[in-house]
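What follows is each chain in one-letter form.
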Amino acid sequence: MCQHRIPCPSSDATDREAARIIATFREQGWSLLCNGVIVFEDTGELLPDGTTIEPHRGPAVHALAA
């Protein structure tokens, strides 16, 4: 799917989120990567095969200071 000179990671790679954004819909909270992955602003993902990845953001910064 990716046509970049240095190919982006595939949708099944562990670093799949490093692929370039080809479309973004900030008002809806999601972006499409060139490897076919849809990433959501809450860090969840939808893979091209329909697999969902639960949000995986770390703890809030203020929680780390406590």
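Residues numbered from 1 in each chain as written. Predicted model: local features only at pLDDT ≥ 70, side-chain atom pairs only at ≥ 80, totals over all residues. Heavy atoms only, no water.

- The name recorded for the protein chain in an unreviewed UniProt entry is DUF5999 family protein, from Actinoplanes sandaracinus.

With respect to unusual backbone geometry
Thought 1: You will see that Thr43, though not glycine, has its phi angle at about 80 degrees, which is positive.
Thought 2: Owing to a relative accessible area of 25%, Thr43 belongs among the partly exposed residues under this scheme. (Buried < 20%, exposed > 50% of the residue type's maximum accessible area, 1.4 Å probe, protein only.)

Notes on the nonpolar core
Thought 1: Among the nonpolar cores identified, the biggest contains seven residues, and these are Cys8, Ala19, Leu33, Cys34, Val37, Val39 and Leu47.
Thought 2: If near-sequence neighbours (up to four positions away) are discounted, Val37 is found in contact with Ser11, Arg16, Ser31, Leu32, Glu45, Leu46, Leu47 and Pro48. (Core = buried A, V, L, I, M, F, W, Y, C linked by side-chain atoms within 4.5 Å. Contact = heavy atoms within 4.5 Å.)

Overview of the pattern of salt bridges
Thought 1: Enumeration according to the criterion identifies one salt bridge in this entry.
Thought 2: We note a salt bridge from Arg16 to Glu45, for which the minimum N-O separation is 2.7 Å. Highlighted residues: Arg16 in the segment before strand 1 (21-25) and Glu45 in strand 4 (residues 45-46), separated in sequence by 29 residues. The two residues Arg16 and Glu45 agree in class, both being buried. (Salt bridge = Lys/Arg side-chain N within 4 Å of Asp/Glu carboxyl O. Helix = DSSP H or I, 4+ residues; strand = E, 2+ residues; numbered from the N terminus.)

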